[in-house]
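Architecture at a glance
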4 protein chains.
Amino acid sequence: MLYFQNDYHAGCHPEILERLTRLRQEDYPGYGQDELCRKAAATIRRLCGREDLAVHFLMGGTQTNLTVIAAALRPYQGVVAAQSGHIHVHETGAVEATGHKVLALPTGDGKVTAAQVERLARSHQSQEDGAHEVQPKMVYISYPTELGTLYTRQELEALHRVCRQYGLYLFLDGARLGYGLTAKGCDVTLRDIARLCDVFYIGGTKVGALFGEAVVIANPQIAGDFRYMIKRQGGMLAKGWLLGLQFEALLEDGLYFRIAQNANDQADRIRKTLEDAGIPVLVPGRTNQIFPILSDSALKVLSQKVLYTDMEPVDETRRAIRLCTSWSTGDGEVEELCRLLLTAVHQP
Amino acid sequence: MLYFQNDYHAGCHPEILERLTRLRQEDYPGYGQDELCRKAAATIRRLCGREDLAVHFLMGGTQTNLTVIAAALRPYQGVVAAQSGHIHVHETGAVEATGHKVLALPTGDGKVTAAQVERLARSHQSQEDGAHEVQPKMVYISYPTELGTLYTRQELEALHRVCRQYGLYLFLDGARLGYGLTAKGCDVTLRDIARLCDVFYIGGTKVGALFGEAVVIANPQIAGDFRYMIKRQGGMLAKGWLLGLQFEALLEDGLYFRIAQNANDQADRIRKTLEDAGIPVLVPGRTNQIFPILSDSALKVLSQKVLYTDMEPVDETRRAIRLCTSWSTGDGEVEELCRLLLTAVHQP
Amino acid sequence: MLYFQNDYHAGCHPEILERLTRLRQEDYPGYGQDELCRKAAATIRRLCGREDLAVHFLMGGTQTNLTVIAAALRPYQGVVAAQSGHIHVHETGAVEATGHKVLALPTGDGKVTAAQVERLARSHQSQEDGAHEVQPKMVYISYPTELGTLYTRQELEALHRVCRQYGLYLFLDGARLGYGLTAKGCDVTLRDIARLCDVFYIGGTKVGALFGEAVVIANPQIAGDFRYMIKRQGGMLAKGWLLGLQFEALLEDGLYFRIAQNANDQADRIRKTLEDAGIPVLVPGRTNQIFPILSDSALKVLSQKVLYTDMEPVDETRRAIRLCTSWSTGDGEVEELCRLLLTAVHQP
Amino acid sequence: MLYFQNDYHAGCHPEILERLTRLRQEDYPGYGQDELCRKAAATIRRLCGREDLAVHFLMGGTQTNLTVIAAALRPYQGVVAAQSGHIHVHETGAVEATGHKVLALPTGDGKVTAAQVERLARSHQSQEDGAHEVQPKMVYISYPTELGTLYTRQELEALHRVCRQYGLYLFLDGARLGYGLTAKGCDVTLRDIARLCDVFYIGGTKVGALFGEAVVIANPQIAGDFRYMIKRQGGMLAKGWLLGLQFEALLEDGLYFRIAQNANDQADRIRKTLEDAGIPVLVPGRTNQIFPILSDSALKVLSQKVLYTDMEPVDETRRAIRLCTSWSTGDGEVEELCRLLLTAVHQP
């Protein structure tokens, strides 16, 4: 089978295992208070161009989302997200488990707009007695979104401004950050993100690490006592140096971005094939996720050789699916996939 | 510095890294639904002598404790534990974060007795209107305890009986299970534990793995929909096969128990030294934790060369500390430690 | 000012105060375990035509909703509701505070349809690995809805069937139950509700009581240990007999339904006036809530004499508002309101 | 039967019912934003001698405790209480349900000492990495305590000082505040309490009201958005004016204190009888709770005529019980009780 159903089916970049093998004999203090974590945090601060950032390492995306949100909000406050946002649809109520409501906004392309946020915040604040509704306090966005789209710098600036104006935090889920920042035409940099967000994370699990997300906190109101929050939510890894090691391997000389770039390049080749064959997509994109719309009969053929993620029915006879390339996707796999796609579509 | 402050300062057993390196190129389905996890689960069932056990793999102890407890209890129910229990004192309220109270019982040696449990359960059930108090529903014990002591089989049988009688679940925290089962004079087997407990776990983090705890659920009332609970609490590892790989490496041919045995043997040598030198201990034990009582002046000397965990003052001039050996502790380290201990005690 | 902004601005029906005055000197056991609560519960069972119902008395709607939902669901389960449902928009995250997600469905008229529920439940259950999403387990409906509409018996039967089929609980919020059951053309009885729902409540606060909601639980899986849940959520009233007294006063000889009928009759008079004057409404209805659409200039005039609830803009120059009659609304007030409405609309 | 099992078995003071009857016809804005609540709040500020206090009215003690604690603490913080504290033993985990741990301190007389608090806070703050334990942030005390004892002004001052020094909030549960402030020899005033505590409440339920607790918040860090917290926790009463009415009736001219005084006087008479008869008590006291120790055979006789609360066994043949007088206890009842006590004790 060809694996295109997600970007975490493969192990990890060899550089990580080499370091792990090299450092296996060392002793480290527990819980992330070690030299490797300190180094990786320093590297992240350098790449972000800010010395005042708090950096913590967690094991997975859901854990990171729930810990950041629970750390930032008071009990009656909620987090605004696109209706397609990962925290809203794909985390088994992990945010609600910390007592907070996700305030979902309609979206076609996976993005939240500044105008939507403004409308919501203004509507709440203009009430005579707002205490009967959840108070919006944080905006959660994914970069890239769950539909593979990207915010432009202008859109991020607008979100930043509206959040400032209404006293909301801006939180960017960067589980696939590498794929976003290296996408063709992307006009956003890591420094922009560190400047515009109150908190965000650099995803490792989906971009070459065994596991791990690096949380970067710019707003001191969220940063305070964050280690207590990690521990309370069950996210404190005893051998925390494992996380520092991986992020240092990925970030110190740009490996993270080079391997993310590969995923985008491979995805571009698939997109080209789809376009040439006249196969429509659900949402256009430039990152490692592609959402072709295929007939049920084509899918029947394709599914015998390719693992993909089913998305939703588009009409009576067609469905959208998701194909993911990843840091490890090779030319051969992509060629084979494209061949199978064309075969499936053009079967008699 | 000599590392004796815990049993997770070192990396992992080389066998694990070898397998990881070998399998790095493979593709795996996500979230623990892979061949490696299935194999490790089968091995655990075989070692437990029961085919009907549900097995899940989680990343750390606190996460495992909170997930199991939240899965087992209804909202108004609480978990009974020794006052020294890890969930009561050392998890930053992670159990309370799931809405459950820890009902703490006094203890001198870290153990909960069947008589204590019976008294508590009977007292609650005998009330005319019990609804004003937390309903005890689960008993949490650690094996070995946080003070390094071990329940005898008879004690476990008694706890099992009283739990059955009063409708309580018995949950055994086996973060250091290997060190317990291989301790000199231990009369408990893994099969006993699987027979007497409703749920327990086999700790990997402290016994040679990079990270990981294997939860074994015997009671179907707790097992139902457990994967939903893991995800909701942020404990679902994307590359779940990492956990299966490690447990299979440790368990398939007994490596886990051999390396645990090493820690106990090294601890016995330290105990012998202490005894010969007339240095008292806080609680006698046979596992990898040792709790010597030393004068402040001896500690001042020792602490320059040895990392240990401070426990508590014993009197005006003496404190108890904890020394941990581990699966990786070598003869040389132990000899050096013993020499330093004697020097520290016998300084002029 | 004329009070039409809600149905709980007035004190309580005189019958309640008379009984309270009469019984003030009595001593009662605490926490609802008294003769008055027992009598009221028996009356409710009689009216529902079922002896096997558990009945509990709580103080307010939000408290009732959160307690019932938290009692019924396991941690990873969610409650399905209309997007306009009270628990979704108007309870400051009280359900999420118990750790549960509200799964909101789009609606035009405030109702949830059986087809929507089926789609959602089937979609969840058909997944290979559902553990990444909240598991739908309960359907919450309001009767009448927040938009004043009513489910027909056929619609309730259909909801009941689909809930049975997919293993969901059906929970009916009857904060305004009296106004629903006595509406013109209503084909649903209290017995129907007791037969079709797993749990529901009879609202007192909005129908003549000082405060209070009577929870009726038909499903023993929800009924178990419900008093523990009440206490845990802070809803256990020390002088619980206050609630029994009120419900017995309202229900023993039909007072509840007579005074509810009055509200509907008065609302019908207002509806007639609106219709005659050609004033449109947001949603047509037959209960005590009316949603006229008025121009901003008309509202400017009206708001000087009448208290109402603002709902939402309908277009550039018009807004929908809510007018509520209640058990205590008199002819004079309604005449005055109608006069003011016409004046406001017909101003030059 | 004679009711001495608690101080909330009787209805309410007639003054309250008179006002209720008088005001029944009035219309009020909902949710406590009415004239009656404003007046009662102003009266409380006047009695406390401070204009800067936030005042809110809630329905019961458990609800008040959980709402205040959840409003004050960040998720990983805990509340320190005596092991006999109401929140620790008698609220079915209502505080834990909001995600917070109760850090229980041993006590003989129901009181927490400043030295205990200091030890705990210092021990936590002195840790190198405190993130593995719950962070103590609030001290909860009851005045009078659950054992009927009273803090002296000096003790309160000491608690205040140590809380300030270590950054903890001081929260006083005044469910029985009236009985405390009017006890013989009490050297604490309402103004002292308002000066020394960050937040406290004046209990109505147990001192003559139908229900209700008046929360007084001196610390603006706790006061912010408190109405959101009330609503979220299900404690927002639709007809909130009911609470304002009661507290104004009780407080505007000192009725609250006069009727509390009666309870203490009646309790003193019982204490005198016990003393004269040589009947020991568990804890000496001066408020409306008395804890005589009686033989099982005496209790067998007494329980046929008197309702009391069972406390605990004292030795093989004797138990401590609790007798409560209340604002409504009359001379006749006390004489009868004393007679029955002596008969029970002196039976052949």
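What counts as what
- Residue indices follow the written sequence of each chain, beginning from 1 at its first position.
- Think of it this way: whatever chain is written first is A, whatever ligand is written first is 1, and the rest follow in order.
- Predicted model: local features are reported for residues with pLDDT of at least 70 only, side-chain atom pairs are reported and counted for 80 or more only, and whole-chain, interface and lining totals are derived from all residues.
- Just so you know, side-chain values use all the structure's heavy atoms and leave hydrogens and water out.
- The helix and strand labels rest on DSSP assignments: H or I over at least four residues marks a helix, E over at least two residues marks a strand, and numbering proceeds from the N terminus.
- Using C-alpha atoms as the atom set, the radius of gyration is obtained and then compared with a globule rule of 2.2 Å times the number of residues to the power 0.38.
- Relative accessibility thresholds used throughout: buried, under 20% of the residue-type maximum; exposed, over 50%; partly exposed, between the two (1.4 Å probe, protein chains only).
- Any two residues whose heavy atoms approach within 4.5 Å at even a single point are treated as in contact.
- Accessible surface is estimated by sampling points in the Shrake-Rupley manner with a 1.4 Å probe; for residues, cover comes only from the protein chains shown.
- We define a nonpolar core as any set of buried Ala, Val, Leu, Ile, Met, Phe, Trp, Tyr and Cys residues linked to one another through side-chain atoms lying within 4.5 Å.
- Two parts placed together each lose some accessible area under a 1.4 Å probe, and the buried area is that loss summed for both.
- Between Lys or Arg on one side and Asp or Glu on the other, a salt bridge is scored when a side-chain nitrogen of the former is within 4 Å of a carboxyl oxygen of the latter.
- Any N or O atom pair separated by 3.5 Å or less is treated as a polar contact, with the protein-specific requirement of one donor-capable and one acceptor-capable atom, and with residues adjacent in sequence counted only for side-chain atom pairs.
- The rule for pairing is simple: two strands pair if DSSP sees at least two bridges between them.
- Angles run from 0 to 180 degrees between N-to-C directions of axes, and those axes are lines fitted to C-alpha atoms, restricted for helices to the stretch in contact.
- Working rule for angles: under 35 degrees goes down as roughly parallel, over 145 as roughly antiparallel, 65 to 115 as roughly perpendicular, anything else as oblique.
- Charged residues are taken to be Asp, Glu, Lys and Arg, nonpolar residues to be Ala, Val, Leu, Ile, Met, Phe, Trp, Tyr, Cys and Pro, and polar residues to be all remaining types, Gly included.
- For every residue, the predictor states its confidence as a pLDDT score lying anywhere from 0 to 100.
- Assignment of crossover handedness uses the view with strands pointing away from the viewer, where a clockwise path from the first strand over the helix to the second indicates a right-handed crossover.
- Each copy is superposed on the other by least squares, with the fit set by C-alpha atoms of residues at a pLDDT of at least 70 in both.
- Note on ring pairs: Phe, Tyr and Trp rings are taken, using the six-membered ring of Trp, and paired if centres are within 6.5 Å. Classes follow the plane angle, with under 30 degrees stacked, over 60 edge-to-face and the rest tilted.
- Only when the NZ of Lys or the CZ of Arg is both within 6 Å of the ring centre and within 35 degrees of the ring normal is a charge said to sit over the ring.
- How far a helix is expected to stretch is found by multiplying one less than its residue total by 1.5 Å.

Looking only at helices and strands, one finds 14 helices and 13 strands in chain A. Here the C-alpha radius of gyration of chain A, 21 Å, is about what a compact globule of 348 residues would show, namely 20 Å. Seen along its three principal axes, the alpha-carbon backbone of chain A occupies a region of about 60 × 60 × 35 Å. When the 348 residues of chain A are sorted by exposure, 64% land in the buried category. Partitioning the contacts of chain A with sequence separation of at least 6, the portion at a separation of at least 24 is 73%. Within the structure as shown, chain A displays about 12,100 Å² of accessible surface, and the carbon and sulfur contribution to it stands at 49%.

Right, let's get into the nonpolar core. Counting 145 residues, the largest nonpolar core has C:F200 and D:F200 as the members making the most contacts within it. Those residues in contact with D:F200 that sit more than four places away from it in its chain are D:C48, D:F171, D:L172, D:L177, D:L190, D:I193, D:A194, D:A214, D:V215 and D:V216. A:L103, A:C163, A:L245 and B:L190 belong to the second largest nonpolar core, which has 144 residues in total.

Turning our eyes to something else, we now look at the interface of chain A and chain B. Facing the 42 residues of chain A at the interface are 42 residues of chain B. Here chain A packs against chain B, burying approximately 3,700 Å² in sum over the two surfaces, 59% of which is carbon and sulfur. Summed over the shared surface of chain A and chain B, the result is zero salt bridges. Joining chain A to chain B, the criterion identifies 16 residue pairs in polar contact (both at pLDDT 80 or more). Of all the secondary-structure elements, those providing two or more residues to the side of chain A that touches chain B are α1 (14-23), α3 (61-72), α10 (226-232) and α11 (241-251) of chain A. Here the side of chain A that touches chain B gets four residues from one element, more than from any other, and that element is α1(A).

Turning to the environment of C:L58, a few remarks are in order. All names here are of chain C. Relative to the elements of secondary structure, L58 occurs in strand β2 (residues 54-58). Here the alpha-carbon distance between L58 and V215, two residues 157 residues apart in the chain, equals 7.3 Å. With sequence-adjacent residues up to four places away left out, L58 is seen in contact with Q63, T64, T67, G212, E213, V215, I230, G235 and L243.

Before going further, it helps to examine the pattern of salt bridges. Residue and element names in this part refer to chain C. Under the counting rule described, the total for this entry stands at 88 salt bridges over all chains. With a shortest N-O distance of 3.0 Å, E118 and R122 are connected by a salt bridge. One end of the pair, E118, and the other, R122, are both in helix α5 (residues 114-125), four residues apart, so they sit about a helical turn from each other. Overall, R122 belongs to the partly exposed group, its relative accessible area being 47%.

Take the sheet that holds strand β7 (residues 199-203) of chain B next. Residues and elements named next belong to chain B. Within the open sheet, the seven strands sit side by side as β2-β8-β7-β6-β5-β3-β4. Their pairing is mixed. Of all strands in the sheet, those with a lone pairing partner are β2 (54-58) and β4 (102-105), marking the two edges. Strand-to-strand, the axes of this sheet are offset by a mean angle of 25°, without reference to chain direction. Of the strands in this sheet, β3 (77-82), β4 and β5 (135-142) are in contact with helix α5 (residues 114-125), which crosses β5 at around 170°.

Residue and element names in this part refer to chain C. Pairing is mixed in the open sheet, where seven strands are placed in the order β2-β8-β7-β6-β5-β3-β4. Each edge of the sheet is formed by a strand with only one pairing partner; in this case those strands are β2 and β4 (102-105). Direction aside, neighbouring strands of the sheet carry axes that sit 25° apart on average. Both strand β3 (residues 77-82) and strand β5 (residues 135-142) contribute to a ladder of four bridges, which runs parallel. Note on β5: the bridge partner recorded for V80 is V139. Packing of helix α2 (residues 35-48) onto the sheet brings it into contact with β2, β7 (199-203) and β8 (213-217), and relative to β2 it is tilted by some 125°. Across the face of the sheet, helix α3 (residues 61-72) comes into contact with β2, β3, β5, β6 (169-173), β7 and β8 while running at roughly 175° to β6.

Here we take up the packing of α5(B) against helix α6 (residues 153-166) of chain B. All names here are of chain B. Contact geometry for α5 and α6: axes closest at 9 Å, N-to-C directions at 10°. By the angle between their axes, α5 is roughly parallel relative to α6. For the pair α5 and α6, contact is made by A114, V117, E118, A121, R122 and Q125 and by A158, L159, V162, Q165 and Y166, respectively. Looking at the contact of α5 with α6 residue by residue, the classes come out as seven nonpolar, two polar and two charged.

Turning to the confidence of the model for chain A, a few remarks are in order. Taken over all residues, the pLDDT of chain A has a mean of 96, while the share at 70 or more is 100%. Across the interfaces of the predicted complex, the ipTM metric reaches 0.97, alongside a pTM of 0.97.

Time to look at the pairing of strand β6 (residues 169-173) of chain D. Looking along a regular strand, one sees side chains alternate from face to face of the sheet. All names here are of chain D. Burial within β6 is extensive, with five of its five residues counted as buried. With five bridges connecting them, strand β5 (residues 135-142) and β6 associate as parallel partners. Within the sheet, the bridge partner assigned to V139 lies in β6 and is L170. Assessed by its sense of winding, the connection that carries the chain from β5 through helix α6 (residues 153-166) to β6 is right-handed. Bridge count between β6 and strand β7 (residues 199-203): two bridges; the pairing is parallel. Within β7, the residue paired with F171 across the bridge is V199.

For the rest of this paragraph, the subject is the relation of the copies chain D and chain C. For the match of chain D to chain C, the screw axis carries a shift of 0.0 Å, the RMSD comes to 0.0 Å, and the turn is 180°. Given the turn and translation reported, the copies of this chain are related as if by a two-fold rotation axis. In this assembly the copies share their binding face: 100% of the residues contributing to the interface of chain D also contribute to that of chain C.

Right, let's get into unusual backbone geometry. For residues other than glycine, phi is negative in most cases, and the peptide bonds are mostly trans. The linkage connecting C:Y143 with the following residue, C:P144, adopts the cis geometry, with an omega of -10°. Here D:Y31, not a glycine, exhibits a phi torsion of approximately 65°, which is positive. Following the sequence through the fold, D:Y31 ends up in the loop between α1 (14-23) and α2 (35-48). Look at D:Y31 and you get buried, because its relative accessible area is 18%.

A word on the interface of chain D and chain C. At the junction of the two partners, chain D supplies 42 residues and chain C supplies 42 residues. Of the roughly 3,700 Å² buried between chain D and chain C on both sides combined, carbon and sulfur atoms contribute 58%. Applying the counting criterion to the chain D and chain C interface returns zero salt bridges. Counting the contacts that link chain D with chain C gives 17 residue pairs in polar contact (both at pLDDT 80 or more). Every element with two or more residues in the side of chain D that touches chain C is listed here: α1, α3 (61-72), α10 (226-232) and α11 (241-251) of chain D. At four residues, the largest contribution of residues to the side of chain D that touches chain C is made by α1(D). For the side of chain D that touches chain C, the per-class residue count stands at 23 nonpolar, twelve polar and seven charged.

Before going further, it helps to spend a moment on the packing of aromatic side chains. Enumeration according to the criterion identifies 30 aromatic pairs over all chains in this entry. With a centroid separation of 5.6 Å and an interplanar angle of 70°, the aromatic rings of C:Y8 and D:Y31 are classed as edge-to-face. Taken together, the residues span two chains, with C:Y8 in the loop between β1 (2-3) and α1 (14-23) and D:Y31 in the loop between α1 and α2. The residues C:Y8 and D:Y31 share a single accessibility class, namely buried. Sitting above the plane of the A:Y169 ring, A:K137 keeps its charged end 5.1 Å from the centroid.

Before going further, it helps to spend a moment on helix α12 (residues 255-277) of chain D. Compared with the 33 Å implied by 1.5 Å per residue over 23 residues, the 34 Å span of α12(D) between its first and last C-alpha is a close match. Just downstream of α12(D) lies D:G278, where phi reads positive at about 70°.

Looking now at the relation of the copies chain A and chain B. Mapping chain A onto chain B calls for a rotation angle of 180° and an axial translation of 0.0 Å; the resulting RMSD is 0.0 Å. Looking at the interface residues of chain A, 100% of them are also at the interface in chain B, so both copies use one shared face.

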